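Take a look at the letters that make up each chain.
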Amino acid sequence: MVENIGNPTAAGTTTAGIGLVRIDHIGIAVPDLEAAIERYQRVFDMRCVHIEENLEQGVREAMMEVGTDDRGGRVQLLAPLSPTSTIARFLDRSGPGVQQVAYTVTDVEAACATLRARGVRLLYDAARRGTAGSRINFVHPGDTGGILVELVEPAAG
């Protein structure tokens, strides 16, 4: 038997309250970006659509497109720029693998304000620059059952 275990609107908490749009990407920590890009292309037929260095986050990253249209989502490959970066520490602690789940939001600051009002901790006081000029913040894994959640407001245009 399938049971409806909750009605978000009854508690006043809907995805509209934080402006969730969709899953944006899954972030995967890798030690070697070029090798990972090649593997995802060869094994999964993914296409690399964006590569950049984000000095603030300490990563070199690649966005891999899943599927043949923009509805398929993306996989973000993250390689450390230095041995002290967050991704390097993740790799040392956990090895290569899923590092985060990211959701597109309509307004990252509004989403953060709503989450803070609900008692949820965020990693940054204010949004920071993410991939391709997006604005991002992270939800503390202790408030999400151990999952690092990234909120992504895409760059305009």
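Structure shown above.
Summary of the structure given here. (Residues numbered from 1 in each chain as written. Predicted model: local features only at pLDDT ≥ 70, side-chain atom pairs only at ≥ 80, totals over all residues. Heavy atoms only, no water.)

Remarks on the sheet that holds strand β5 (residues 97–105)
The mixed open sheet is built from eight strands, whose spatial order is β2-β3-β4-β1-β5-β8-β7-β6. Of all strands in the sheet, those with a lone pairing partner are β2 (47–54) and β6 (128–129), marking the two edges. Summarising the sheet, β6 and strand β7 (residues 135–139) pair through two bridges and their orientation is antiparallel. The residue of β7 that forms the bridge with Arg128 is Ile136. Here helix α2 (residues 33–44) sits on the sheet and contacts β1 (20–29), β2, β3 (59–65) and β4 (74–80); the angle it forms with β3, its principal contact strand, is near 10°. Against the sheet, helix α3 (residues 86–94) engages β1, β3, β4 and β5, with an angle of about 90° to β4. (Pairing = 2+ DSSP bridges. Helix = DSSP H or I, 4+ residues; strand = E, 2+ residues; numbered from the N terminus. Contact = heavy atoms within 4.5 Å. Axes fitted to C-alpha atoms, helices over the stretch in contact; angles between N-to-C directions.)

Some points on the packing of aromatic side chains
The full count for this structure, using the stated rule, is two aromatic pairs. Between Tyr40 and Phe44, the aromatic rings sit 5.5 Å apart at their centres with planes inclined by 45°, giving tilted as the arrangement. Note that Tyr40 and Phe44 are positioned in helix α2 at a spacing of four residues, about one turn of the helix. Residue classification places Tyr40 among the buried residues on the basis of a relative accessible area of 13%. (Phe/Tyr/Trp six-rings, centres within 6.5 Å; stacked < 30°, edge-to-face > 60°. Buried < 20%, exposed > 50% of the residue type's maximum accessible area, 1.4 Å probe, protein only.)

Some remarks on the side chain of Gln57
Within the secondary structure layout, Gln57 lies in the loop between β2 and β3. On the basis of relative accessibility, which here comes to 18%, the residue Gln57 falls in the buried class. There is a polar contact of 3.3 Å between the side chain of Gln57 and the side chain of Tyr124. In this structure Gln57 touches Tyr124, Arg128, Arg129, Ile136 and Phe138, once residues within four positions along its chain are discounted. (Polar contact = N/O pair within 3.5 Å; in protein donor to acceptor, adjacent residues only side chain to side chain.)

Quick word on the environment of Arg135
Here Arg135 lies in strand β7. For the pair Arg135 and Glu109, spaced 26 residues apart in sequence, the C-alpha separation works out to 8.9 Å. In contact with Arg135, other than residues within four places in its own chain, are Val108, Glu109, Ala127, Arg128, Leu151, Val152 and Glu153. A polar atom in the side chain of Arg135 sits 3.0 Å from the side chain of Glu109.

With respect to the side chain of Asp24
Turning to its location among the elements, Asp24 is positioned in strand β1. Buried within the structure, Asp24 lacks any salt-bridge partner; Arg22 is the closest side chain of opposite charge, at an N-O distance of 4.1 Å. There is a polar contact of 2.7 Å between the side chain of Asp24 and the side chain of His25. There is a polar contact of 2.6 Å between the side chain of Asp24 and the side chain of Thr104. Each residue touching Asp24, except ones within four places of it in the same chain, is listed here: Gly73, Arg74, Ala102, Tyr103, Thr104 and Val152. (Lys, Arg positive; Asp, Glu negative; His and termini not counted. Salt bridge = Lys/Arg side-chain N within 4 Å of Asp/Glu carboxyl O.)

What to know about the layout of surface pockets
Space inside the largest pocket adds up to approximately 500 Å³. Taken together, 26 residues line the largest pocket, and the ones lying closest to its centre are Gln57, Thr86, Gln99, Tyr124 and Phe138. Contributions of two or more residues to the lining of the largest pocket are made by β3, β4, α3, β5 and β7. The residue inventory of the lining of the largest pocket, partitioned by class, reads 10 nonpolar, 10 polar and six charged. A volume near 400 Å³ is recorded for the second largest pocket. Contributions of two or more residues to the lining of the second largest pocket are made by β1, β3, β4 and β8 (149–153). (1 Å grid on protein atoms, 1.4 Å probe; cavity = no way out; pocket = protein on both sides within 12 Å on 5 of 7 lines; lining within 4 Å. Points joined across faces, edges and corners; volume = space filled by probe spheres on them. Nonpolar A, V, L, I, M, F, W, Y, C, P; charged D, E, K, R; others polar.)

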